[in-house]
Amino acid sequence: MPSQLVTNLTILVLAGFVGFAVISKVPNTLHTPLMSGTNAIHGIVLLGGLLVVGFSGNGIFNKIILVIAIAFGTINVVGGFLVTDRMLEMFKRKPVASEEPEE
Amino acid sequence: MTPLATSFLQNQNFIDALYIVAFGLFVLGLMGLTGPGTAVRGNRVAAVGMGLAVIATLLPPGIGNWGLIALGVAVGTAVGIPAARNVKMTQMPQMVALFNGVGGGAVFLIAWAEFRNSGGFGAGTPTYVAIFSLFAAIVGSVSFWGSNIAFGKLQGLLPGRPITLGGAQQPLNFVLGILTIAAAVDSAAGAHSEAIFIGMLVCAALLGNFVVLPIGGADMPVVISLLNAFTGLSAAATGIALNNPAMIVAGMIVGASGSILTNLMATAMNRSILAIIAGGFGGEVALGAGDGADGDRSVRSTSPADAAIQLAYARLVVVVPGYGMAVAQAQHTVRELQRALEARGVEVEYAIHPVAGRMPGHMNVLLAEADVPYEQLKEMDDINPEFQRTDVALVIGANDVTNPAANTQPDSPIYGMPILEVSNARSVIVLKRSMNTGFAGVDNPLFYDEKTQLLFGDAKSSVGEVVEELKGL
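Residues numbered from 1 in each chain as written. Chains lettered and ligands numbered in written order. Predicted model: local features only at pLDDT ≥ 70, side-chain atom pairs only at ≥ 80, totals over all residues. Heavy atoms only, no water.

The next subject is the confidence of the model for chain A. All names here are of chain A. Here chain A shows a mean pLDDT of 85. Residues at 70 or above account for 86%. Per-element confidence in chain A ranges from a low mean pLDDT of 84 for helix H4 (residues 60-99) to a high of 92 for helix H1 (residues 4-23). Here residues 95-103 scores under 50 on pLDDT; set against residues more than four positions off or in separate chains, the count is one contact. (pLDDT = per-residue confidence, 0-100. Helix = DSSP H or I, 4+ residues; strand = E, 2+ residues; numbered from the N terminus. Contact = heavy atoms within 4.5 Å.)

This is the structure in structure tokens:
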């Protein structure tokens, strides 16, 4: 079998290129939302917590640190996306507000 | 659910397909972030991708501990939602640092649990799984502690100035780095000793603290970007260890984004990333110079009334915001000033330095909150030629990014840093709280320029007074 490792490393390298290509196009204006949006995306570690606790969460100490890990991951995901949304709404509404003075 | 539906939902191919859709949505969402018009949708698309990835993770048969999962998610949601809802835009840098930190924390905790579950990476654990888990544990731990220190500094819980152990700092960091790696190699080679693993986590934690503590406030944009990249890479490593493609893709994209931003910020300061991480920039030495050298030079101060007259009869006013504007939360008042000036036919633009504030794009977010149209926010390269025809450059709480010493004094610590060339404007009004130097601790010759007038006081109340005076004209 072309080992799982090779497949995963291929995914890693290609994802790196995709990341560089896409992120390079983000304008300076949006760097803070970009940062907090990507912040939310690395909350994907939540999946790691779910997998490990779901399949092999044995022992009280393991359970405690995994619950903390899941809580951390959830804060990262939920908080990150929400705060990014709040920020981006501010960027979006402006041109509309200035074009429609009746509001 | 019918058995047929259950077997379909729990089919590995279906789950894999969900993962592929999920990371497709991440990339699509980030593509949306390339323009202010599509960015909101982009972020939501990425959030949907995250939702799918979570569902896909929970579908396979044999998942247990549902109570624990629910508990973790509930606690995380209960903390995350109010935090995200209530944070002020001026506090965004520390919020990002905090969210970044918890991500790193999750990574190293997961690696720890894996270590324990596999009997210390015992028999049956492929070596590469051990290696990537250990990498994730180290980087996640550095990121967690580093982000917490960054949060403490930005929130004002810790002093913003560099805190260092002086000459002992670099050798100590070096030793800690070696110890961390040695412990990791030992664990990967099959030591199975939890004490060694914990020792490794502790060394990495100390390293995270010691690397960020010596870094001054002005260098925060670089540090936050770098820690963001770290957490991303550690998430990707966890993905490889757990054989989860969605984690690999998402983590790597964040790693790429963080690296790009780190590089942009370092370039905007004309300093190498290594030099910034080495820390201790500015601080004590230059501080003394700021106080002592004032004797032979004088500054001109002005009043809100005079400033208002000057602004009112200008054709082009360029506002140069900095961290001081964020601290004073003056962005809404600045927007009022802009409206008052525009009502009199004065053209107003904003000059945004890439490292103004404490994180990439900090000023843009604050001004967006205050409803300043983003077309009026000009990047450094676009606005610098404009200063030639600028009547008044209004510097609000910015210092180092306007310091002409960066162009003219080869011995200055910030020499070579690209700056906003406000000294080319016909006149300059600088809003400052006091004559203290900026966070880099470097004296700014701009303040002693004969074209420059200083308006002392809190940025928000100063701008407010100018607006009042403008109304009275």
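The next subject is the interface of chain B and chain A. If you look at the interface, chain B gives 102 residues, while chain A gives 82 residues. Across the chain B to chain A interface the summed buried area is about 8,100 Å²; carbon plus sulfur atoms make up 77%. The three residues of chain B that bury the most area against chain A are B:Leu33, B:Asn43 and B:Met50, which together make up 7% of that side's buried surface. Counting across the interface, chain B meets chain A through two salt bridges. In this structure, the salt-bridge partner of B:Arg44 is A:Glu89, at a minimum N-O distance of 3.0 Å. Here chain B and chain A share 21 residue pairs in polar contact (both at pLDDT 80 or more) between them. Every element with two or more residues in the side of chain B that touches chain A is listed here: helix H2 (12-32), helix H3 (39-58), helix H4 (66-86), helix H5 (92-117), helix H6 (127-155), helix H9 (220-241), helix H10 (245-268) and helix H16 (362-369) of chain B. Split into classes, the residues belonging to the side of chain B that touches chain A amount to 67 nonpolar, 28 polar and seven charged. (Buried area = accessible area lost by both parts, 1.4 Å probe. Salt bridge = Lys/Arg side-chain N within 4 Å of Asp/Glu carboxyl O. Polar contact = N/O pair within 3.5 Å; in protein donor to acceptor, adjacent residues only side chain to side chain. Nonpolar A, V, L, I, M, F, W, Y, C, P; charged D, E, K, R; others polar.)

As a further point, take the pairing of strand S4 (residues 392-396) of chain B. All names here are of chain B. Across the five residues of S4, five count as buried, placing the element largely inside the fold. Side chains of S4 alternate between two faces, with Val392, Leu394 and Ile396 and Ala393 and Val395 buried alike. In terms of strand pairing, strand S1 (residues 316-321) meets S4 through five bridges, oriented parallel. Residue valine 319 lies in a different strand from S4, and its bridge partner there is leucine 394. In this sheet, strand S5 (residues 427-432) lies alongside S4 in parallel orientation, the contact comprising five bridges. Looking across to S5, one finds that valine 392 is bridged to serine 427. (Buried < 20%, exposed > 50% of the residue type's maximum accessible area, 1.4 Å probe, protein only. Pairing = 2+ DSSP bridges.)

With 20 residues, H3(B) extends 29 Å from end C-alpha to end C-alpha; this agrees with the ideal 28 Å at 1.5 Å per step. Every buried residue of H3(B) is accounted for by B:Ala39, B:Val40, B:Gly42, B:Asn43, B:Ala46, B:Gly49, B:Met50, B:Ala53, B:Val54, B:Ala56 and B:Thr57. (Expected span 1.5 Å × (residues − 1).)

Further remarks concern the side chain of B:Ser143. All names here are of chain B. In this fold, serine 143 is placed in helix H6. Among the polar contacts made by the side chain of serine 143, one reaches the main-chain carbonyl oxygen of leucine 227 at a distance of 3.5 Å. Serine 143 has contacts with Asn100, Gly101, Gly104, Leu227, Phe230 and Thr231, leaving out every residue within four places of it along the chain.

All names here are of chain B. For strand S2 (residues 347-352), the tally of buried residues reaches five of six residues, placing the bulk of the element in the interior. Relative to S2, S1 runs parallel, the two being bridged by four bridges. Each residue of the ladder has a partner; that of valine 318, found in S2, is glutamate 349. Of the strand pairs in this sheet, S2 and strand S3 (residues 377-379) are connected by three bridges, and their pairing is parallel. Within S3, the residue paired with alanine 351 across the bridge is lysine 378.

Right, let's talk about the environment of B:Ser259 for a bit. Turning to its location among the elements, B:Ser259 is positioned in helix H10. By relative accessible area, B:Ser259 is classed as partly exposed at 30%. Sequence separation between B:Ser259 and B:Ser225 is 34 residues; the distance between their C-alpha atoms is 7.1 Å. Leaving out residues up to four positions away in the same chain, B:Ser259 has contacts with A:Phe20 and B:Ala229.

Residue and element names in this part refer to chain B. Here chain B is partitioned into domain 1 (1-58), domain 2 (89-284) and domain 3 (290-472). Taking only C-alpha atoms into account, the centre of domain 1 sits 28 Å from that of domain 2. Together, the buried faces of domain 1 and domain 2 total about 520 Å²; carbon and sulfur atoms form 88% of this surface. On the domain 1 side of the interface with domain 2, the three residues burying the most area are Tyr19, Phe23 and Phe26, jointly 70% of the side's total. Counting across the interface, domain 1 meets domain 2 through zero salt bridges. (Domains from an automatic or database assignment.)

All names here are of chain B. Its identity as a non-glycine residue notwithstanding, phenylalanine 121 has a phi of 55°, on the positive side. Note that phenylalanine 121 resides in the loop between H5 and H6. For asparagine 270, which is not a glycine, the phi torsion comes out positive at approximately 55°. By the secondary structure assignment, asparagine 270 is in the loop between H10 and helix H11 (273-278). Asparagine 270 gets classed as partly exposed once you look at its relative accessible area, which sits at 43%.

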